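These are the residues of each chain, in order.
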Amino acid sequence: MPSTAEHKENIPEHIAIIMDGNGRWAKKHGKARVFGHRSGVKSVRSVTEGAAEIGVKYLTLYAFSTENWNRPRAEVTALMQLLVSTIAKETKTLSKNNIKLQAIGDLKSLPASCFQELNKAIASTANNSGMTLNLALSYSSKWEIMEAVKELLTDVKKGKIQDDEIDEAVFKNYLCTKEIPDPELLIRTSGEHRISNFLLWQLAYSELYFTDKLWPDFRKDDLLQAIDDYNKRERRFGKTSEQIATKK
Ligand code: IPE
Ligand code: IPE
Ligand code: MG
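Residues numbered from 1 in each chain as written. Chains lettered and ligands numbered in written order. Predicted model: local features only at pLDDT ≥ 70, side-chain atom pairs only at ≥ 80, totals over all residues. Heavy atoms only, no water.

1. Observations regarding the site of ligand 2
We apply this condition: One heavy atom within 4 Å of a molecule or strand makes the whole residue count as near it. In the analysis that follows, any N or O atom pair within 3.5 Å is treated as a polar contact, provided that within protein one partner can donate a hydrogen and the other can accept it, and provided that, for residues neighboring in sequence, both atoms belong to side chains. Note on areas: Shrake-Rupley, 1.4 Å probe, and residue coverage restricted to the protein chains presented here. Numbering of helices and strands starts at the N terminus; helices are DSSP runs of H or I of at least 4 residues and strands are runs of E of at least 2. The classification used treats Ala, Val, Leu, Ile, Met, Phe, Trp, Tyr, Cys and Pro as nonpolar, Asp, Glu, Lys and Arg as charged, and all other residues, Gly among them, as polar.
Near ligand 2 the following residues occur: Ile18, Met19, Asp20, Tyr62, Ala63, Phe64, Ser65, Asn68, Arg71, Arg188, Arg194 and Ser196. With respect to ligand 2, the side chain of Asp20 contributes an N or O atom lying 3.2 Å from an oxygen atom. Between an oxygen atom of ligand 2 and a side-chain N or O atom of Arg194, the distance comes to 2.6 Å. Burial of ligand 2 by the protein chains amounts to 78% of its free accessible area of 380 Å². A per-element tally of the shell around ligand 2 places strand E2 (residues 58-65) first, with four residues. Split into classes, the residues belonging to the shell around ligand 2 amount to five nonpolar, three polar and four charged.

2. Here we look at the sheet that holds strand E5 (residues 185-188)
Rule in force here: Paired strands are those between which DSSP finds at least two bridges. Axis definition: a line fitted to C-alpha atoms, over the contacting stretch in the case of helices. Angles run 0 to 180 degrees between N-to-C directions. Between two residues, a contact is recorded if the distance between any of their heavy atoms is within 4.5 Å.
If you walk across this open sheet you meet the six strands as E3-E4-E2-E1-E5-E6, and the pairing is parallel. Two strands bound the open sheet, and with one partner strand each, they are strand E3 (100-104) and strand E6 (207-210). Taking each pair of neighbouring strands and ignoring which way they run, the sheet shows an average axis angle of 20 degrees. Where helix H4 (residues 112-124) meets the sheet, its contacts fall on E3 and strand E4 (132-139), and the angle it forms with E3 comes to roughly 140 degrees.

3. Overview of the site of ligand 1
As a matter of local geometry, ligand 1 sits amid Met19, Asp20, Gly21, Asn22, Gly23, Arg24, Arg33, His37, Ala63, Asn68, Arg71 and Leu79. Within the contact set of ligand 1, an oxygen atom lies 2.8 Å away from a side-chain nitrogen or oxygen of Arg33. Between ligand 1 and the protein, one listed contact pairs an oxygen atom with a side-chain N or O atom of Arg71 at 2.7 Å. Here ligand 1 has 380 Å² of accessible area as a free molecule, and 86% of this is covered by the chains. When contributions to the shell around ligand 1 are tallied by element, the ones reaching two or more residues are helix H1 (22-28) and helix H2 (33-54). Broken down by element, the residue count for the shell around ligand 1 peaks at three residues, all from H1. A breakdown of the residues in the shell around ligand 1 according to their chemical character gives three nonpolar, five polar and four charged.

4. Topic: the pairing of E4
This is how it is decided: The classification of residues rests on relative accessible area computed with a 1.4 Å probe and restricted to protein chains. Under 20% of the type maximum is buried, over 50% is exposed, and intermediate values are partly exposed. When the strands point away from the viewer, a crossover counts as right-handed if the path from the first strand over the helix to the second runs clockwise.
With eight of its eight residues buried, E4 lies for the most part within the structure. Pairing of E3 with E4 involves five bridges; the strand directions are parallel. Note on E4: the bridge partner recorded for Ala103 is Leu135. In this fold, the crossover linking E3 to E4 by way of H4 has left-handed handedness.

Structure, rendered in structure tokens:
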């Protein structure tokens, strides 16, 4: 396994990760679920650092879904507190590594303390020019697409855009990820093989990588392994293998 310093493969510009398995990891260690979430922060640190080192431009981490609001209240509260304390603690390190923080999702639905801490960190890292760390918080793809449709309709009504001008490129500009290219690679930990309402539009042609590792056990070496696997894939985008080989 190459170290991050000597990693010379084709590095995806955008990697998205569904960080799953914290609860099972805690259970395996005879601890409460929140312990798993806390341990997951170490993985976030390692993977963020590793991704930045090898030149990934955008790293999107699914941290809290719209559906996660339906978890027991105590777990939701603990997750929000963890989010506030982690963001506050990590801002300096992000800047030291030239990483810009951004977030996608229904951010106004977050507790005020969380929303404020997040905005503070986004503002203080805004001028960093290295990797963008994009947190999906209170995010779901169906929510995002519905919001996009509503905003697009408003613009049509206002005459800002004509209905016959609407195409994929126009629609993309209404999504939370309008500034970001679609992920080439999606990673999901914990052995679950599903998308769970994450980036449905953006993942249309992403390579999917599933690992049985639980999120708190995932480190930068596992990220490199996922990238190795990605490098063995042939991305055909509907064409034939022969066309790809001859670049036609
Ligand atoms: C992922 O781990 C973290 C969040 C969804 C916030 P889980 O908490 O879903 O862990 P499992 O799937 O129950 O093991
Ligand atoms: C997906 O994990 C959401 C995040 C990782 C934040 P879940 O654990 O909530 O997914 P499901 O509900 O099991 O599909
Ligand atoms: Mg889960």
